[in-house]
Every structure is written in structure tokens, then in C-alpha cells.
Amino acid sequence: MIVIQSLKFKINSSILFTFLIITLAFSAVLTVFELQRRENAFKQIEISLDDLLVQNREQIGNEIFAEQEKAIQSTLNTIVKRPGLLAANAYDADGMILATTQKNVALADLTQEQIDTLSKGSTSINQTWQGQSVLTHTALIKAYGEDVGFWRIEYSLATVERETFLIIAIFSTLLLTMFLFMAVLLNTFLSRMVLKPVFILKNAMQRVKEGNLGEQAVLPREDGKDEISQMAQTFNKMSIDLAESYQMKVAKEIAEAAAHARSEFLDNSGQGFLSFGMDLLIDKEYSRECENIFGHGIGGESIAGLLSPGDEGGMAGIEKSFNRVLSEENDYKLELYLSLLKKEYSIEDKFVEAEYHIITKGRMMLILTDVTKQKKLEHEVQLERNRLKFVVSAVREANYFFEILSDFDWFENERFPELIKSEDEPAQILAELYRNVHTFKGLFAQQDFMHIPGALHQLEEQLSKIRRNEAADSAEFYGLLETFKCQDALKKDLGIIESVLGADFLKQKERRSDISISREQAEKIEAMAKKILKLDPDILDKETYEVLHETQKILYVNLKYMIEFYLDSAVKLAARLGKEIEVYEVNGDDIFVDTSIYTPFTRTLVHVFRNAVDHGIETPDEREELEKEDETQLTCSIREEKDQLVISIFDNGRGLNSSRIRDKAVELGIFAQEDIQNISDEEVHRLIFKENFSTSEKVTELSGRGVGLDSVRAELAKLCGEVEIETESGKGTTFRFIIPMV
């Protein structure tokens, strides 16, 4: 990137501009010289044309005087063959054209003004003639002492102008190339001798500006005697002096700050400030918060003993770490050692965070912050988050929740006593117990149970100890579940569920994942989430936010699960009617919806499925008679397309009977007989959703009243949806319901 204000840009611009001006000046001089040379060439041409006139004057004059037009024409043709001549014309004394070398061209006669001018002498004019530059030379012709006529010659100037242009262009190009080459050489020289050292010096100054005191500018030639080298030497000395001065200033400021810390800042900071040296004994000056943290005065005490009271191993480790930091002289290693120091200490019943700073060589400042309240708050947030996560898992995966409870109840009350009483080898019993306990610990943990996984883990540890004892007796297995209070832990977990979802929730031994909870239960879960947010939003981690987000969807259910029930019912209905549905499924996208919004509509889909079974799908005998080899299908597909929910229900049965629907529309008076034939099939098919419209001949428990599909239409309208129908006789029907996503 080119910086316009940079020194490099200015120098390069100056060099190029200077050489460009010189080039332009030389080109201007050359142009003037060439233009003068061109004028001289024109004069030489005029002279040669006059000579040509002299040579042919007597002949052409006599021919004009004798009015020998053919001879005149022949003479002109001979003259025009000379190099450079383009055309020649002859006129009589009155200016009338007599002959010309230009074929098929009508030329104008000379005007009286031109005749008067030529009577005084020949003329030469530069002009454009037939698209090219020419010199037109016109002269008077005399014979026998009388003015007998005129002639005009067109002489091409292309050669003269081309020579002028080439000379100027070639010379200017050579001159520009030479100067550009000189500019590049000069720029390279200046870059090496001036710009590079200047940039090195500038970058060193910038680093000093950014705080890197003591930065040195190292030039390619350190022994240089030029001005830039002298500037660099002066800068390097100033940089070193500045760094030393700053270090002295910092040391002085730190010393002054330490002296006034108690009265001016430290006591009111809410943090514990203390300092110590190589002996690791705390200075007498420290902030009042230190006494609140440690419970007593600490001046003169060992920092290791304060941070690790009663732990000789911990004290030794702290002493070793602090001694290594205080004795280190390499700045890089010092930063590394500081980063490895312990960031948090447990002092009696307090949690304390530590921050370390090197004051001067061999001295350290320690800043302590009591974070006990924050830790307790974080623990409370974590506890509430785990409770909420547990409840949400129980609701959203209720089938797994009750399945695990049922399996563990079987293990505790049936399989465990059975194993204890069995005559198998103790090692074999122990192995199966260990596998079951380990499995249930993982299952409960996966479902976010809070207490039972810990109890089972302790039981697992005990079983592991027993396994290491090769002489284990099966008698050791009795009472293990009670000993480790597994049932009490499970009751605590179920108590959490009961407090939020109620006792009725736990009474259901079988649950479907598509069954939603009540509004009251959802509000209790929402209250748990709000409690977490009220504690302190600033300390919520990513996992907690994910749980809160999952809570917002607690009333949302997979649309597939909501529709599967009605499809299953339709399949059972088909069996009652003697029809076989070999392929039936709800497929497509997993879309979670609010049951309060979509349940009324999904319930009405039972009529679409029942109609497909009753009117659409044939019996096996009918399908065999129709030679339909495809498997009988009744499927539902769910898709999300451009913020729209698309539910497609398909059966490969008879298809809609358009003719029967048209007859029924006339019969019910919806359309007149003469109008019904002008209605498109698409509009006719939509009639089946009209109230009281049915093509059945009699009313049965399945159809005939014309109410079912009307209820579908009514609920679909509430969702601002629409229906599309695709049907083909003998192939089947697809109902496509398109609903805006809510």
C-alpha cells in the first residue's frame, strides 16, 4: 500500500517528476527543431515545384495556346509520375479547367479572386486533400509573352510528416527510457543509502512510542559517519537513557505507593495487598483486608505458612515457587513462572484469588481477593442449573426417564436379591453386580439425575475393592444398596421432580415423548429458570444458557410424534375394514411446535387419514383385480420450506372421483349443471372440504356427514394455511397442507 505522506513516496515522486520535466523540455526543444526542419522541407518542395514549372512551362504553354487538350493531358500524365506528385490540373486564361489527372472527378474552375492572386505570382498552400496532407502549388503559364493559363499540382507531404513524427517519437522514447533508467538507479541508491536507514530509525522510534523503552536502531553500517548514522547513535543513547530513567521513576513510584498504601488506597480497596522479599516474610505494611482474610495481623509472618496453613508439603511447594520467581533474572522465564503460580487458595472457610506482581528485583507484591460469596453464588447457580436440567430432561425425554426408573426398580427388587441368593460363584455374582451398577450410574447421569449417580459411584468403588479381594464372600453383598443409601439418593432426585411437576407425573409408568406437560407445570419450570437469571446473569456459563434455551422449548413437541398417533389409528382402522396397509410412516424434518397452537389442527388430520382408508385404499382383492403390484401406502411427510410448514399426506389408492364430486355438487345445488363443466378439476377437488359435502351414499360411523374435512378446513384457516390436492385416478391422492411457521 502506497502512503502518500511517506518519505519514500516523496523522494520517488520528486525524482520521477524531475526527470519527467527534463524529458518534456528536451521533447519541446526537439519539436521546435523538427518543425523548423519541416518548414525548410516545405520550402525545398516549393522550389522543386517551381523548377518543374520552368522545365515544362514552354511545352505546356504552347499546348494551351494551341488548345491541344490531348497533348496537355499527356503532358500532365507524364509530370504526375514524378515521386510525391498526386495530381496535376491545367486551366485556360479564364480559369476554365482544360485537363486533369484525376479520373471521374468533376473539378471546379478557378475563381476570379484566385486568378487575380495567381497573376501576381505562384502560390503554395498546405491543406488536406482526399484525406491526406498535401502541398497545393498553383502558378501562371505564359506563351509568346501572353498569359495563356494556369496549372495546379498536388504534392504529398506524408513522407515529410512521417519523418518528423518518427524523429520526435524515437528521440523522445529514447530520452524517456534513459531518464527512467537513471531514475531507477538513483532511487535504488537513495533507498539503500537514505530510505532504509531512515525507516529503521523510524520503526525504532515507533516501538519506543509504544512503550518499548531501550529500543535500538541497528543500521546496516554501524560505523557510518553520515548524518543519519549520527542521528541513530544519538537516538540509541537517548532510548537507553529513557529506559533507565523510566525504571528509576517506576521504582520510585512503587516505593512511594507502598509507603502510602495503607492510608490512601489499600485499606479502602476491598483487597488484600501485601509484599515480601527473598526471605518470604511479609512486610509490616499491608492492607486491612489482609486481616479480614487471615483473621489476624500478618506482619513478619511467612507467606507460605499463611497460604498453606498446617500443610508442610504445600508450604514447601509455595516456598520453592516463590524463590524461583524472585531469583529469576530472565524476563521471559519470569513471566512464565508467574503464570504458573496458583491462582486460588482455600484459607479456612474462605476462597481467595491471588494476583502476583514483581515490584523490583527480589521483591513481590501479592493481591488477594476474597471471592467466597461469588463461589457460593456460582455453586448455587450450578445447583439450580442442574435441578432445571434434570427437570427438563425428565419432561423432554419422559419415556427414557420412566424406562430407567422401571429398570432400576426391577434390578433393586428382583435381580439384586436373586443374585445374592444364587449359588453362583461370588466372583461371577460380583462381576454382574459391578456391570449393572456401572450401567445404571451412566444411565442416571445421562438423564441428569443429581444424587443417585454419586451413590452408585460409591457403591461401584466398594464393589471394586471387594473384587480386589480374591477371597470375597457373597455375604459381603447383603445390604450394599442400603449401606450406600442408593434408595435415599433416588428419593431425593424424585422429590425434585415431584416438587415441580407434581406427584401425578411420577405415577405414570409409561410415557410417550409426544405428551406435553400442563401449563401449570411449565410455569413452575419457567420460575426455576427465572430464579437462575436473578441470581447473577454475569456468571452464567454457556451450558447454563443452553439449559435455559431448552427450557423455553419445554412446551414444544416434535410434530412427527403428534401425527404418528393418528396414522397408527388409521392403520388399525384399515385392518378392521379388511384392508392391508403395508407401508405407513411419518417422515421428514424434525420440527418442534407449540402444542397449544398446532394440536387443534393436527387432531383434525384424523379425518384425512380415515377418508384415505375408507374411500381411497382398496381391499387386497380389489388391488389384485386392478393389477396394482405396488405395496399399499399411507404416509405423511413433514418439511420446512421458506418459513412454511408443509404437511403432505399420501395414499396410493383409487384417487379422487372427479365425476362423482361434480355430480354431488350439482345435487347439493352448489353449481348448476351447465356451470359445473366449466369448473377446473382443482376447484372441484376443493369442494370436498365444504361443510356437509360428502360423496358417500349412506351415513356410516366412518363417513357420510360431510363434517370431517370441513373441520380440517376450519382449523387450517385459523393458522392462515391452505391446502393443495394432487390426485390421479387409480394412482392415489396427496393432500398438501401449507402453513406459515409460527
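Numbering of residues starts from 1 in every chain and runs along the sequence as written. Residues qualify for local features only when their pLDDT is at least 70, as the model is predicted, and side-chain atom pairs are given and counted only at 80 or more; totals for whole chains, interfaces and linings, by contrast, use all residues. Only heavy atoms go into the side-chain values, all of them from the structure, while hydrogens and water stay out.

Draft legend 1. Layout of the overall build of the protein. Each helix is a run of H or I in the DSSP string that is no shorter than four residues. Each strand is a run of E no shorter than two, and both are numbered from the N terminus. Across its full length, the protein holds 25 helices and 16 strands. The buried label goes to any residue with under 20% of its type's maximum accessible area, the exposed label to any with over 50%, and the partly exposed label to all in between, with areas taken from a 1.4 Å probe on protein chains only. By the burial criterion, 39% of the 742 residues in the protein qualify as buried. Note on contacts: a residue pair is in contact if any heavy atoms of the two residues lie within 4.5 Å. Put simply, 61% of the contacts in the protein that link residues at least 6 apart link residues at least 24 apart. Each accessible area is a Shrake-Rupley result for a 1.4 Å probe, and residues are judged covered by the shown protein chains and nothing else. Accessible surface for the protein amounts to roughly 43500 Å². Of this, 51% is attributable to carbon and sulfur atoms.

Draft legend 2. Geometry of the layout of surface pockets. Computed over the protein atoms alone on a 1 Å grid, cavities are sets of points where a 1.4 Å probe fits but cannot get out and pockets are open sets with protein on both sides within 12 Å along at least five of seven lines; a residue lines them when it has an atom within 4 Å of a point. Grid points are joined across faces, edges and corners, and a volume is the space filled by probe spheres set on the points. Considered as a void within the structure, the second largest pocket measures approximately 580 Å³ in volume. Lining of the second largest pocket is provided by 20 residues; of these, Gln 247, Asp 331, Ile 358, Ile 359 and Thr 360 occupy positions nearest its centre. For the lining of the second largest pocket, the elements supplying multiple residues, two or more each, are helix H5 (227-264), helix H8 (312-327), helix H9 (331-340) and strand E8 (350-360). The residue inventory of the lining of the second largest pocket, partitioned by class, reads 11 nonpolar, five polar and four charged. Three residue categories are used. Nonpolar comprises Ala, Val, Leu, Ile, Met, Phe, Trp, Tyr, Cys and Pro, charged comprises Asp, Glu, Lys and Arg, and polar comprises the others, including Gly.

Draft legend 3. How the structure looks around the sheet that holds strand E3 (residues 123-129). Within the open sheet, the five strands sit side by side as E2-E1-E5-E4-E3. Their pairing is antiparallel. For this open sheet the edge positions go to strand E2 (97-100) and E3, each flanked by a neighbour on one side alone. Averaged over all neighbouring strand pairs, the angle between strand axes comes to 25 degrees, with direction disregarded. Bridge count for strand E1 (residues 85-92) against E2 is three bridges, and the pairing is antiparallel. Within E2, the residue paired with Ala 90 across the bridge is Ala 99. Those strands touched by helix H2 (residues 69-79) are E1, E2 and strand E5 (146-156), and its axis lies near 45 degrees from that of E2. Pairs of strands are assigned from DSSP output, requiring at least two bridges between the strands. To obtain an axis, a line is fitted to C-alpha atoms, over the contacting stretch when the element is a helix, and the angle between two such axes runs from 0 to 180 degrees between their N-to-C directions.

Draft legend 4. Quick peek at the packing of aromatic side chains. Two rings from Phe, Tyr or Trp (for Trp, the six-membered ring) form a pair when their centres sit within 6.5 Å of each other. Planes less than 30 degrees apart are called stacked, planes more than 60 degrees apart edge-to-face, and all others tilted. All told, the structure shown has 13 aromatic pairs when counted by the stated rule. When the centroid spacing of 4.7 Å and the interplanar angle of 70 degrees are considered together, the rings of Phe 444 and Phe 449 count as edge-to-face. On the basis of relative accessibility, which here comes to 6%, the residue Phe 449 falls in the buried class. With a centroid separation of 5.7 Å and an interplanar angle of 75 degrees, the aromatic rings of Phe 601 and Phe 737 are classed as edge-to-face. Residue Phe 601 is located in helix H20 (residues 595-616), and its partner Phe 737 is located in strand E16 (residues 732-740); the two are separated by 136 residues in the primary sequence. With relative accessibility at 0%, the residue Phe 737 sits in the buried group. Against the face of Tyr 337 rests Arg 324, its NZ or CZ located 4.6 Å from the ring centre. Charge-over-ring placement is defined geometrically: NZ (Lys) or CZ (Arg) within 6 Å of the ring centre, and within 35 degrees of the ring normal.

Draft legend 5. Up close: the sheet that holds strand E11 (residues 583-588). As summarised here, the arrangement of the five strands in space is E11-E13-E14-E16-E15, forming an open sheet in which the pairing is mixed. The open sheet has two edge strands with one neighbour each: E11 and strand E15 (722-728). Strand-to-strand twist of the sheet, defined as the mean angle between neighbouring strand axes without regard to direction, takes the value 10 degrees. In this structure, strand E14 (residues 644-651) lies alongside E16, joined through eight bridges in antiparallel fashion. Across the sheet, residue Ile 649 finds its bridge partner in E16, namely Phe 735. Packed on one face of the sheet, H20 meets strand E13 (633-641), E14 and E16 and runs near 20 degrees to E14.

Draft legend 6. The arrangement of the nonpolar core in detail. Phe 609, Leu 634 and Phe 737 are the most contacted members of the largest nonpolar core, which has 47 residues in total. Secondary structure elements with two or more residues in this core: helix H19 (559-576), H20, E13, E14, helix H22 (658-667), helix H25 (708-718), E15 and E16. Look past the residues within four positions of Phe 737 in its chain and what remains in contact with it is Phe 601, Leu 605, Val 608, Leu 645, Val 646, Ile 647, Ile 649, Phe 689, Val 712, Leu 716, Glu 722 and Val 723. Put simply, a nonpolar core is a bunch of buried Ala, Val, Leu, Ile, Met, Phe, Trp, Tyr and Cys residues held in one set by side-chain atoms that sit within 4.5 Å of each other. In terms of nonpolar packing, the next biggest core, distinct from the first, is built from 36 residues, Phe 408, Phe 411, Leu 433 and Leu 463 among them.

Draft legend 7. Looking closely at a nonpolar patch on the surface. Like-charged residues within 9 Å of one another, or nonpolar side chains (Val, Leu, Ile, Met, Phe, Trp, Tyr) within 5 Å, are grouped into patches, provided each residue has over 30% relative accessible area and no salt bridge. Criterion for a salt bridge: a side-chain nitrogen of Lys or Arg within 4 Å of a carboxyl oxygen of Asp or Glu. On the surface, a cluster of nonpolar side chains totalling about 640 Å² of accessible area is made up of Leu 16, Phe 17, Leu 20, Ile 21, Leu 24, Leu 176 and Leu 180. Looking at the nonpolar patch, the elements with two or more residues in it are helix H1 (7-65) and helix H4 (158-209). It is H1 that contributes the most residues to the nonpolar patch, five residues altogether. Take Leu 24: it is sitting in helix H1. Overall, Leu 24 belongs to the partly exposed group, its relative accessible area being 49%.

Draft legend 8. Representation of the side chain of Glu 618 in the model. Within the secondary structure, Glu 618 sits in the loop between H20 and helix H21 (620-625). The class for Glu 618 is buried, based on a relative accessible area of 2%. Pairs of N or O atoms are called polar contacts if they sit within 3.5 Å, as long as, within protein, a hydrogen donor faces a hydrogen acceptor (for residues adjacent in sequence, only side-chain-to-side-chain pairs). For Glu 618, the side chain forms a polar contact with the side chain of Lys 628, separated by 3.0 Å.

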